Amino acid sequence: ILRDMTVDKRHEAEVQAKRLAEESDRMKSAFIANMSHEIRTPLNAIVGFSTLLAQEKLDDVEKREYVEQVEGNNTYLLSLMENILNIADMDSRVWEMPREEEEIEVDACCKECIEGFRLELKPGVELEYVPASGITAFYAARQWLKMVLVSLLDNAVKFTEEGHIRVSCEEDKSRHVLRFVIEDTGIGIRPDESDRIFERFYKVDTFTKGSGLGLAIANEIMELVGGRIYLDDTYCGGCRFIVEWPMKDKP
């Protein structure tokens, strides 16, 4: 009996190892496929518009347009590289939980994240922040909190063509969490895709710029801080993501 149990455990371990190896291969293939497109496209744009800028016979309007295209693609590439490095750090365990937790003014932090997206809004889309209810400040790792909020805002801005994007925050004393809500009137997410949106490299719309890493990074951060991030499946007007950040006493 003991021998049979040992054989079964060995077989189970082999099956598990094979499954992990196959998943690793799948992730590697997905990474190469995504990055090949996401890196080449902005690089080609930068090269092309830089070549045009080198021409002598350009008026001021054309120059400004080409410069904006180069700057926009530069910014996108930097963001892409940052996401890739963050994922690599997480996997190699180099990126440990930040110890520099500090007092964060909730309203100021949310407004700071929002302002960075004003220029990226589609015409007619309203971006607003509803002041925090029940709390003014709390202790957390600012770097990670902002990364989670920025990731969700970036997602909302990409997929909202009209209507609004709204950020709100409130304290849930009974559960000892600070709840951030990022809501939009964008294209939404189909029920059959809702379970996959936090997977690495998964994209709801393959034609939209992005590495498919933003939501995955946000989800891994929330797991590390002992919090939760999820899609509100009762909301039908677009997307509503909820972040429940654990409240901590002053360090």
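Model, not experiment: these values are computed from the prediction.

A. Looking closely at the overall build of the protein chain. The helix and strand inventory of the protein chain stands at 5 helices and 7 strands. Each helix and strand of the protein chain, ordered N terminal to C terminal, gives the series α-α-β-α-β-β-α-β-β-α-β-β. A sequence separation of at least 24 residues applies to 71% of the contacts in the protein chain between residues at least 6 apart. A total of about 15300 Å² of accessible surface is found on the protein chain, and carbon and sulfur atoms cover 52% of it.

B. Structural detail: the packing of aromatic side chains. Inspection of every chain in the model, using the stated rule, returns 3 aromatic pairs. Taken together, a centroid distance of 5.6 Å and an interplanar angle of 40° make the contact between Phe-49 and Tyr-66 tilted. Placement of Phe-49 in helix α1 (residues 2–53) and of Tyr-66 in helix α2 (residues 60–92) is noted, with a sequence separation of 17 residues between them. Its relative accessible area of 13% is what places Tyr-66 among the buried residues. Taking 6.5 Å as the distance between ring centres and 50° as the angle between the ring planes, the aromatic pair formed by Phe-138 and Phe-180 counts as tilted. Here Phe-180 lies in strand β5 (residues 177–184) and Phe-138 lies in strand β3 (residues 137–140), a separation of 42 residues in the sequence.

C. Spotlight on the nonpolar core. Core analysis: the largest hydrophobic core is formed by 53 residues, its most contacted members being Val-106, Phe-138, Val-148, Phe-180, Phe-241 and Trp-245. Leave out the neighbours within four places in its chain, and Phe-241 touches Leu-152, Asn-155, Phe-180, Val-181, Ile-182, Ile-189, Ile-197, Phe-198, Leu-215, Tyr-230 and Leu-231.

D. Spotlight on unusual backbone geometry. Its identity is not glycine, yet His-176 carries a phi of approximately 60°, on the positive side. Relative to the elements of secondary structure, His-176 occurs in the loop between β4 (163–172) and β5.

E. Broad picture of the environment of Ile-182. Of note, Ile-182 is situated in strand β5. Judged by relative accessible area, Ile-182 falls into the buried class, the value being 2%. Residues Ile-182 and Arg-240 lie 58 residues apart in sequence; the distance between their C-alpha atoms is 5.6 Å. Other than its neighbours up to four places away in sequence, Ile-182 contacts Leu-149, Leu-152, Arg-166, Val-167, Cys-239, Arg-240 and Phe-241.

F. Quick peek at the pattern of salt bridges. If you walk through the whole model with that rule in mind, you get 12 salt bridges. A salt bridge links Glu-102 to Arg-142, with the shortest nitrogen-to-oxygen separation between them at 3.3 Å. Residue Glu-102 is located in strand β1 (residues 102–105), and its partner Arg-142 is located in helix α4 (residues 142–159); the two are separated by 40 residues in the primary sequence. On the basis of relative accessible area, Glu-102 is assigned to the partly exposed category, the value being 32%. Residue class for Arg-142 comes out partly exposed when judged on its relative accessible area of 26%.

G. Focus on α4. Between the first and last C-alpha of α4 there are 26 Å, a value that for 18 residues agrees with the 26 Å anticipated at 1.5 Å per step. Restricting attention to buried positions, one finds in α4 the residues Trp-144, Leu-145, Met-147, Val-148, Leu-149, Ser-151, Leu-152, Leu-153, Asn-155, Ala-156, Val-157 and Phe-159.

H. Layout of the environment of Met-247. Mapped onto the secondary structure, Met-247 falls in the segment after β7 (239–246). Separated by 109 residues in sequence, Met-247 and Phe-138 have C-alpha atoms that sit 7.1 Å apart. Discounting chain neighbours no more than four positions away, the residues touching Met-247 are Ile-135, Phe-138, Glu-171, His-176, Val-177 and Leu-178.

I. Inspection of the sheet that holds strand β6 (residues 228–231) at higher detail. The 5 strands lie next to each other as β2-β4-β5-β7-β6, forming an open sheet whose pairing is mixed. The sheet terminates laterally at β2 (125–133) and β6, the two strands that pair on one side only. Sheet twist, expressed as the average angle between the axes of neighbouring strands with direction ignored, equals 10°. Where β6 meets β7, 4 bridges bridge the pair, whose relative direction is antiparallel. Each residue of the ladder has a partner; that of Leu-231, found in β7, is Phe-241. Of the strands in this sheet, β6 and β7 touch helix α5 (residues 214–225), which is tilted by about 25° from β7.

J. Broad picture of the pairing of β7. Counting buried residues along β7, 7 of its 8 residues qualify, which places the element largely inside the surrounding structure. Pairing of β5 with β7, which is carried by 8 bridges, proceeds in the antiparallel orientation. Residue pairing in the sheet places Val-177 in a bridge with Pro-246 of β7.

About the thresholds
Residues numbered from 1 in each chain as written. Predicted model: local features only at pLDDT ≥ 70, side-chain atom pairs only at ≥ 80, totals over all residues. Heavy atoms only, no water. Helix = DSSP H or I, 4+ residues; strand = E, 2+ residues; numbered from the N terminus. Contact = heavy atoms within 4.5 Å. Areas by Shrake-Rupley, 256 points an atom, 1.4 Å probe, with all protein chains shown as cover. Phe/Tyr/Trp six-rings, centres within 6.5 Å; stacked < 30°, edge-to-face > 60°. Buried < 20%, exposed > 50% of the residue type's maximum accessible area, 1.4 Å probe, protein only. Core = buried A, V, L, I, M, F, W, Y, C linked by side-chain atoms within 4.5 Å. Salt bridge = Lys/Arg side-chain N within 4 Å of Asp/Glu carboxyl O. Expected span 1.5 Å × (residues − 1). Pairing = 2+ DSSP bridges. Axes fitted to C-alpha atoms, helices over the stretch in contact; angles between N-to-C directions.

Bear in mind that shape data such as this cannot, by itself, settle questions of function.
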